Amino acid sequence: MVLALWVGLSVVIVVLLGLFVFGLRRRLIQRSGGTFDCSLRWDVSEEPDSLGKGWVYGVARYSGDRVDWFRVFSYAPRPRRGLERSAIEVIARRMPEGEEELALLSDSVVLACLHRETRLELAMSEDALTGFLAWLEAAPPGQRVNVA
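Conventions and cut-offs
- In this numbering scheme, every chain counts its residues from 1 along its sequence in written order.
- Only residues with pLDDT of 70 or above have their local features reported here, since the model is predicted, and side-chain atom pairs are shown and tallied only from 80 upward, although totals for entire chains, interfaces and linings are computed over all residues.
- Heavy atoms from the whole structure form the basis of all side-chain values; hydrogens and water molecules are not counted.
- Ring geometry is summarised as follows: Phe, Tyr and Trp rings, the Trp one being its six-membered ring, pair when their centres sit within 6.5 Å, and such pairs are stacked at plane angles under 30 degrees, edge-to-face over 60 and tilted between the two.
- Put simply, DSSP H or I for four residues or longer makes a helix, DSSP E for two residues or longer makes a strand, and each gets a number counted from the N terminus.
- Exposure categories follow from relative accessible area, calculated using a 1.4 Å probe and restricted to protein chains: below 20% of the type maximum is buried, above 50% is exposed, and the middle band is partly exposed.
- Any Lys NZ or Arg CZ that is within 6 Å of a ring centre and within 35 degrees of that ring's normal is treated as a charge sitting over the ring.
- To form a nonpolar core, buried Ala, Val, Leu, Ile, Met, Phe, Trp, Tyr and Cys residues must be joined to one another through side-chain atoms within 4.5 Å.
- Contacts between residues were defined by any pair of non-hydrogen atoms, one from each residue, lying within 4.5 Å.
- A pair is scored as a salt bridge if a Lys or Arg side-chain nitrogen falls within 4 Å of a carboxyl oxygen belonging to Asp or Glu.

Asker: Before we go on, may I ask you to explain the packing of aromatic side chains in this structure?
Answerer: Aromatic ring pairs are defined here through the distance separating the ring centres and the angle between the ring planes. Scanning the model with the defined rule gives 4 aromatic pairs in all. Ring centres of Tyr-62 and Trp-135 lie 5.4 Å apart, and the angle between their planes is 45°; this geometry places the pair in the tilted category. Of this pair, Tyr-62 sits in strand S3 (residues 58–63) while Trp-135 sits in helix H3 (residues 126–137), and the two are 73 residues apart along the sequence. The exposure class of Tyr-62 is partly exposed, given its relative accessible area of 24%. One aromatic cluster is present, built from ring pairs that chain together Phe-36, Tyr-62, Phe-132 and Trp-135. When the ring centre of Trp-42 is taken as origin, the NZ or CZ atom of Arg-81, which lies over that ring, is 4.1 Å away.

Here is the structure:
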């Protein structure tokens, strides 16, 4: 009986500690500012997949001429992807379709992009999209920026 109580208590402590570390990691990512919620689908085909497969929820952070993207459900302290401003080409903008609406945050807008010949999609709120497009267009003189 005492052993079962200790095991149960240990499991609760481990779960609470894991949740605390998730929260602490997100706070550390957001500490420097310039962050926004952003789902990512990497290396997608030409046709949109309305089944909602492949989307990963994350947080993006502006860092100079890059946007660093972090998975939300990860303990990694480093970004999973880094997108350079000069290498991003915006192809199209669309609203989520079909089951995609369930896979993404409400009121998300999907932005289809090319980054170094890799096709990807970013899903973010209208406000975050406005900031992202302004950041892309604010490139230093001489850099090419392709915004559709």
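Next comes the rest of the description.
Asker: Looking at this structure, how should I read the nonpolar core?
Answerer: One broad rule of soluble globular proteins: the nonpolar side chains tend to lie buried together. The biggest cluster of nonpolar side chains holds 21 residues, and the ones touching the most others in it are Leu-122, Met-124 and Phe-132. For this core, the secondary-structure elements that each account for two or more residues are strand S4 (66–71), strand S6 (88–94), strand S7 (108–115), strand S8 (118–125) and H3. Sorting elements by how many residues they give to this core places H3 first, with 6 residues. The residues touching Phe-132, leaving out its near neighbours within four places in the chain, are Phe-36, Tyr-62, Val-67, Ile-88, Leu-111, Leu-122 and Met-124.

Asker: Please explain the pattern of salt bridges as it appears in this structure.
Answerer: If the charged atoms of two oppositely charged side chains come close together, the side chains can form a pair. A full pass over the atoms with the stated rule returns 8 salt bridges. Put simply, Arg-85 and Asp-65 hold a salt bridge, and the shortest N to O gap is 2.4 Å. With a gap of 20 residues between them, Arg-85 in the loop between strand S5 (81–84) and S6 and Asp-65 in the loop between S3 and S4 connect regions that are remote in the sequence. Residue Asp-65 is classed as partly exposed on the basis of its relative accessible area of 35%. For Arg-66, the salt bridge is made with Asp-68, and the minimal N-O distance between the two is 3.0 Å. Exposure remark for Arg-66: the relative accessible area of 31% places this residue in the partly exposed category. A cluster of three or more residues bridged by salt bridges with shared partners is formed by Arg-41, Arg-94, Glu-100 and Glu-121.

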